Amino acid sequence: MTVRVSCHVRSMINEYNILTRNSWEEMHQYKKMLVEKCSELTTITERCIQIEDEQMLKSMKSCINDALTTVAQYFAQLIELALTYEIKNLVKEIDSSDNIYCVESAVSNLFSLTQEGSHLCRIIAKARGIVALLKICRQDCFRCLYPQILRTLASVCCVEEGIQQLEKVDGILCLADILTDGIHSQATHAEAAAVIAQITSPQLTSTQHLNSFLENMEEIVTALLSMYIHGNFMFECC
């Protein structure tokens, strides 16, 4: 089993090296440490096979446990670094590209990652994903992508780190502008309202961002009421 684990780890690293072709020093170090620790684990277990003394075998358990724990830690850290690297590339593409198809593809991939859980949403927020998404939302040439971008924004804002980033770059003001601008589509208004619903969720413990919300509350509430009156958005009443 330890030989199989070691083979899987080496195979994964080789495949990732082929795909990325480059990595920064920290990732290279973890790759090296992970491979070395897998080799150490294999060596320990091979030594155990040759030992018949029960007491000695029992004493080896702690060595195996320590090696396994370290392998798990290095593996988790390497996966974290790889995910961060890929997410930063997506964010960079969103932030710097002026090609609508490239941006659409990058946003779609980013949204897919948000569906994998809050941990990836935190990585996206730390990689300044909110900043890149809002930058697109301020450019008229990408207006057709607004619903998709706002949906991704709402997903990232399920974590506190996402809302904090939204606050820092006047994201709530941007949402208010979108909601109050009649030029935008029904889908865009609906997705912007969904972001507002997300950041005002009672499940969130932090309320610091609500200061910005209160500053723009009149415009936001007026826009939401207008959407309700004109049948552009459906409210669920509890």
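Reading the values: the criteria
- Residues numbered from 1 in each chain as written.
- Predicted model: local features only at pLDDT ≥ 70, side-chain atom pairs only at ≥ 80, totals over all residues.
- Heavy atoms only, no water.
- Helix = DSSP H or I, 4+ residues; strand = E, 2+ residues; numbered from the N terminus.
- Buried < 20%, exposed > 50% of the residue type's maximum accessible area, 1.4 Å probe, protein only.
- Contact = heavy atoms within 4.5 Å.
- Core = buried A, V, L, I, M, F, W, Y, C linked by side-chain atoms within 4.5 Å.
- Salt bridge = Lys/Arg side-chain N within 4 Å of Asp/Glu carboxyl O.
- pLDDT = per-residue confidence, 0-100.

- The name an unreviewed UniProt entry gives the protein is Protein inscuteable like, with Crotalus adamanteus as the organism.

Points about the overall build of the protein
Line of reasoning, step 1. Looking only at helices and strands, one finds 12 helices and zero strands in the protein.
Line of reasoning, step 2. Each helix and strand of the protein, placed in order from N terminus to C terminus, yields the pattern α-α-α-α-α-α-α-α-α-α-α-α.
Line of reasoning, step 3. A buried classification covers 41% of the 238 residues belonging to the protein.
Line of reasoning, step 4. Within the protein, counting contacts between residues at least 6 apart in sequence, those at least 24 apart form 68% of the total.

Topic: the nonpolar core
Line of reasoning, step 1. Counting 39 residues, the largest nonpolar core has Ile87, Ile94, Leu150, Leu153, Leu166, Leu175 and Ile199 as its most contacted members.
Line of reasoning, step 2. Elements supplying a minimum of two residues to this core: helix H3 (54-96), helix H4 (100-114), helix H5 (118-126), helix H6 (129-137), helix H7 (146-156), helix H8 (160-168), helix H9 (171-180) and helix H10 (186-199).
Line of reasoning, step 3. Looking at this core element by element, the count peaks at six residues for H6.
Line of reasoning, step 4. Once residues lying within four places of it in the same chain are set aside, the contact partners of Leu166 are Ile130, Leu134, Leu153, Cys157, Gly171, Ile172, Leu175 and Ile199.
Line of reasoning, step 5. Of all hydrophobic cores here, the second largest spans 18 residues; its members include Tyr30, Leu34, Ile51 and Ala82.

Examining the pattern of salt bridges
Side chains that differ in sign of charge can pair as their charged atoms come close.
Line of reasoning, step 1. With the rule as written, the count across this model stands at five salt bridges.
Line of reasoning, step 2. Among the salt bridges present, the one from Lys37 reaches Glu40, with a minimum N-O distance of 3.0 Å. Separated by three residues within a single helix, Lys37 and Glu40 lie in helix H2 (residues 25-49), roughly one turn from each other.
Line of reasoning, step 3. Residue Glu40 is classed as partly exposed on the basis of its relative accessible area, which comes to 36%.
Line of reasoning, step 4. Ionic pairing is found between Lys135 and Asp95, a salt bridge with its closest N-O pair at 3.4 Å.

Some points on the confidence of the model for the protein
Line of reasoning, step 1. Within the protein, residue pLDDT values average 84, and 84% of them lie at 70 or more.
Line of reasoning, step 2. By mean pLDDT, the top-scoring element of the protein is H7 (95), and the lowest-scoring one is helix H11 (residues 210-215) (64).
Line of reasoning, step 3. Note on residues 232-238: pLDDT under 50 across the span, and eight contacts to partners over four residues away in sequence or across chains.

Some remarks on the environment of Cys48
Line of reasoning, step 1. Tracing the backbone shows Cys48 in helix H2.
Line of reasoning, step 2. Once the C-alpha coordinates of Cys48 and Met60 are considered, the two residues, 12 residues apart in sequence, prove to be 7.4 Å apart.
Line of reasoning, step 3. Each residue touching Cys48, except ones within four places of it in the same chain, is listed here: Leu57, Met60 and Ile64.

Description of the side chain of Thr42
Line of reasoning, step 1. Of note, Thr42 is situated in helix H2.
Line of reasoning, step 2. Once residues lying within four places of it in the same chain are set aside, the contact partners of Thr42 are Thr2, Val3 and Ser6.

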